[in-house]
Amino acid sequence: MPTPHAYFQKQFMPLAEAKIGIMTHAFNYGTGVFEGIRGNWNDAEQQLYLFRLKEHYDRLRKSCRIMRIDFQYSDEELYSLTTRLVEMSGFQEDVYIRPLAYKSSEVLGVRLHDLEDDFLLFVAPFGPYLDVEKGARCCTSSWRRVEDTGIPARAKITGIYANSALAKTEAQLNGFDEAIMLDERGHVSEGSGENIFVVDGERLITPPPSSNILVGITRDTVITLAREELGIQTVERDIDRTELYTADECFMTGTAAHITPVVELDHRPIGDGKMGPVAKRLMRLYFDIITGRNPKYASWCTPCYSKVKA
Ligand SMILES: Cc1ncc(COP(=O)(O)O)c(C=O)c1O
């Protein structure tokens, strides 16, 4: 039986034993930064492959710099801690790994300085987040994406997810699958946990980082695969809400959502209201790669289990 574990206060332990105190600064004030890394199960090889570990930890480091979190782990230590954690947990299915660096002092007072920092990791089973085959029915959120002048969206800050949660719940309670947020200028920013792409003839268009997006690792994966494998270039520029209504195709990308077609927005079908051909070709490539089946992109996949079928 798999037993989910955590790395907490510099030790591995069963997840159920890893508890923070109720005065922990990050819990009270949202002063943590985190990552979400997928482990993708390859049944034929009996192996779990972690996708783009390096890029996730690079982004975590940047988030720490913005939030003045002292983060002293080397890449090698992080890779080793992460793979050991997954291996000792023993899952034989897709998982999600959550690295979290946070203000750990148990004190009152909102600030970033003169506080202790800590780092934890946990792993949990994690299946599909949105229906990648059927696609997502979306709405334009009445909530605007937080601005870089308010809370910087390029950092994956725990507190910023109040913005995402407001948008996601509004969308779901109104009968949609996902919310698409605009920035303060009214341009398309991103979903509550996904970046957005539009297919426009022979190219892809996606909002730039200055539209207050989290600069996604799946976004980079799609830009790379479109260019290298399909010969499709991506333009990063502002996108108006109504451009999505008239796009040939639209899809969202994210570690949780993988590549999910947006088949409807604000009660208007996008394209013919089904997954489009570009999304389909990208998805085929992407799912092969994340499960370690494409040797060309093997460097993006880190295996966790040391004893595997030949
Ligand atoms: C707000 C937000 N935007 C975009 C993404 C997609 O980023 P990535 O592809 O790195 O998971 C995520 C998920 O982490 C997210 O939470």
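You'll find the structure just up there.
From a predicted model like this one, the values you see are computed outputs, not experimental measurements.

### Some words on the side chain of E190
Logical step 1: Inspection of the secondary structure puts E190 in strand β10 (residues 188–191).
Logical step 2: There is a polar contact of 2.7 Å between the side chain of E190 and the side chain of R145.
Logical step 3: A polar contact of 3.2 Å, which involves the side chain of E190, links it to the backbone nitrogen of L214.
Logical step 4: In contact with E190, not counting residues within four places along its chain, are R145, A179, I180, M181, N195, I196, N212, I213 and L214.

### Observations concerning the pattern of salt bridges
Logical step 1: By the definition in use, this model includes 18 salt bridges.
Logical step 2: Across the pair R59 and E35 runs a salt bridge, and its minimum N-O distance is 2.8 Å. Of this pair, R59 sits in helix α2 (residues 53–66) while E35 sits in the loop between β3 (32–34) and β4 (37–42), and the two are 24 residues apart along the sequence.
Logical step 3: Here D183 ties to R185 by a salt bridge, and the two come within 2.8 Å at their closest N and O atoms.
Logical step 4: For D183, a relative accessible area of 0% puts it in the buried group.
Logical step 5: Ionic contacts of the salt-bridge type, sharing partners, join the residues R52, E55 and D220 into one network.

### A short note on the state of the cysteines
Logical step 1: Enumeration over the complete set of coordinates arrives at zero disulfides.
Logical step 2: Sulfur of C301: no disulfide; nearest cysteine sulfur belongs to C304 and is 11 Å away.

### Regarding the site of the ligand
Logical step 1: Around the ligand lies a shell of 16 residues, among which Y161, E190, I217, T218 and T255 are the nearest.
Logical step 2: In this structure, an oxygen atom belonging to the ligand sits 2.8 Å away from a side-chain N or O atom of R59.
Logical step 3: E190 places a side-chain nitrogen or oxygen 2.6 Å from a nitrogen atom of the ligand.
Logical step 4: For the ligand, the protein covers 97% of the area, taking 380 Å² as the surface of the free molecule.
Logical step 5: Every element with two or more residues in the shell around the ligand is listed here: α5 (217–230) and β14 (249–254).

### Some details on α2
Logical step 1: Between its terminal C-alpha atoms α2 stretches 20 Å, which fits the 20 Å expected from 14 residues at 1.5 Å a residue.
Logical step 2: Every buried residue of α2 is listed here: L53, H56, Y57, R59, L60, S63 and C64. The arc enclosing the buried residues of α2, seen along the axis, measures out at 155°, which places them on a common side. Counted as exposed and oriented over 90 degrees from the buried face of α2: K62 and R65.
Logical step 3: Looking at the residues trailing α2, positive phi occurs at R68, about 50°.

What counts and what doesn't
Residues numbered from 1 in each chain as written. Predicted model: local features only at pLDDT ≥ 70, side-chain atom pairs only at ≥ 80, totals over all residues. Heavy atoms only, no water. Helix = DSSP H or I, 4+ residues; strand = E, 2+ residues; numbered from the N terminus. Polar contact = N/O pair within 3.5 Å; in protein donor to acceptor, adjacent residues only side chain to side chain. Contact = heavy atoms within 4.5 Å. Salt bridge = Lys/Arg side-chain N within 4 Å of Asp/Glu carboxyl O. Buried < 20%, exposed > 50% of the residue type's maximum accessible area, 1.4 Å probe, protein only. Disulfide = S-S within 2.5 Å. Near = heavy atom within 4 Å. Areas by Shrake-Rupley, 256 points an atom, 1.4 Å probe, with all protein chains shown as cover. Expected span 1.5 Å × (residues − 1). Arc of directions from axis to C-beta.

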